[in-house]
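The lines below spell out each chain.
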Amino acid sequence: MSLLELFIIALGLSMDAFAVAICKGLSVQQLKPRHALITGLYFGGFQALMPLIGYLLGVRFESFITSFDHWIAFVLLALIGLNMIKESREESECLNDAFDFKTMLPLALATSIDALAVGVTFAFLQVNIAPAVSFIGVITFVLSALGVKMGHVFGSKYKSRAELAGGVILILMGIKILIEHLTGGA
């Protein structure tokens, strides 16, 4: 997997976290640098951890499903992408203004579940996992920290667009994986 492809996947995965970070930015009266740092650390950390867990699970089962792994990668990415597109069309609820463990942990888990499935596809595609999860974590950290600031400054205008873009990106990556395999390009 090329660096560009990995960047595109990282961008797609980070859009849920970015959208929630925008809401977190909306929720605070006075934005402090620690708000962006806390949000970036939680979301970036979990976006790095979940694909690693998915990868480790995928490696265990890889030998059983190598003949149809490209279909699994396509279906997982397409389902995640479609779910993100669906969520982009729903009314958003504003979050509370707390940045404590019991508030941030469920948000970080919720925004990184899709990364678990992507980690499974990384195992099937034999992606070098250490740089991949590091890259995903850093991209998500940066976008989440920026999302908090943008949410505070611009409002909720960009939340649904971010989720829509992330969903489309993941679906396109799934289609690309399937096409490459079917045409012998993988």
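Each remark here, short or long, concerns the structure printed above.
Let us look at the structure shown here.

Analysis parameters
- Residues numbered from 1 in each chain as written.
- Predicted model: local features only at pLDDT ≥ 70, side-chain atom pairs only at ≥ 80, totals over all residues.
- Heavy atoms only, no water.
- Helix = DSSP H or I, 4+ residues; strand = E, 2+ residues; numbered from the N terminus.
- Buried < 20%, exposed > 50% of the residue type's maximum accessible area, 1.4 Å probe, protein only.
- Contact = heavy atoms within 4.5 Å.
- Axes fitted to C-alpha atoms, helices over the stretch in contact; angles between N-to-C directions.
- Left-handed = near helix turned anticlockwise from the far one by under 90°.
- Core = buried A, V, L, I, M, F, W, Y, C linked by side-chain atoms within 4.5 Å.
- Salt bridge = Lys/Arg side-chain N within 4 Å of Asp/Glu carboxyl O.

## Focus on the overall build of the chain
So, point 1. A tally of regular secondary structure across the chain gives six helices and zero strands.
So, point 2. Listed by position from the N terminus, the elements making up the chain come as α-α-α-α-α-α.
So, point 3. Looking at the chain residue by residue over its 186 residues, the buried ones come to 48%.
So, point 4. When contacts within the chain are restricted to residue pairs at least 6 apart in sequence, long-range pairs at least 24 apart make up 94% of them.

## Quick notes on the side chain of Thr-111
So, point 1. Tracing the sequence through the fold places Thr-111 in helix H4 (residues 101-124).
So, point 2. Thr-111 sits in the buried class, given a relative accessible area of 4%.
So, point 3. Among all residues touching Thr-111, those that are not within four sequence positions of it are Leu-13, Asp-16, Ala-17, Val-20, Phe-43 and Gln-47.

## Section: the packing of helix H1 (residues 3-27) against helix H5 (residues 129-154)
So, point 1. Packing of H1 against H5 brings their axes to within 7 Å, and their N-to-C directions diverge by 30°. Handedness of the crossing formed by H1 with H5: right-handed.

## Some thoughts on the nonpolar core
So, point 1. Judged by nonpolar contacts, the single largest core of 29 residues is most densely connected at Ile-9, Leu-13, Phe-18, Leu-77, Val-118 and Phe-122.
So, point 2. Elements represented by at least two residues in this core include exactly H1, helix H2 (33-65), helix H3 (69-89), H4, H5 and helix H6 (159-182).
So, point 3. Other than its neighbours up to four places away in sequence, Leu-77 contacts Val-118, Leu-170, Ile-171, Met-173, Gly-174 and Ile-177.
So, point 4. Counting 14 residues, the second largest nonpolar core, distinct from the first, contains Phe-43, Phe-99, Ala-108 and Val-148.

## Structural notes on the pattern of salt bridges
Side chains carrying opposite charge are able to pair once their charged atoms draw close together.
So, point 1. Summed over the entire model, instances satisfying the criterion amount to one salt bridge.
So, point 2. Lys-176 is paired through a salt bridge with Glu-5; the nearest N and O atoms lie 2.1 Å apart. Placement of the pair is Lys-176 in helix H6 and Glu-5 in helix H1, with a sequence separation of 171 residues.
So, point 3. Accessibility expressed as a relative area gives 15% for Glu-5, which makes it buried.

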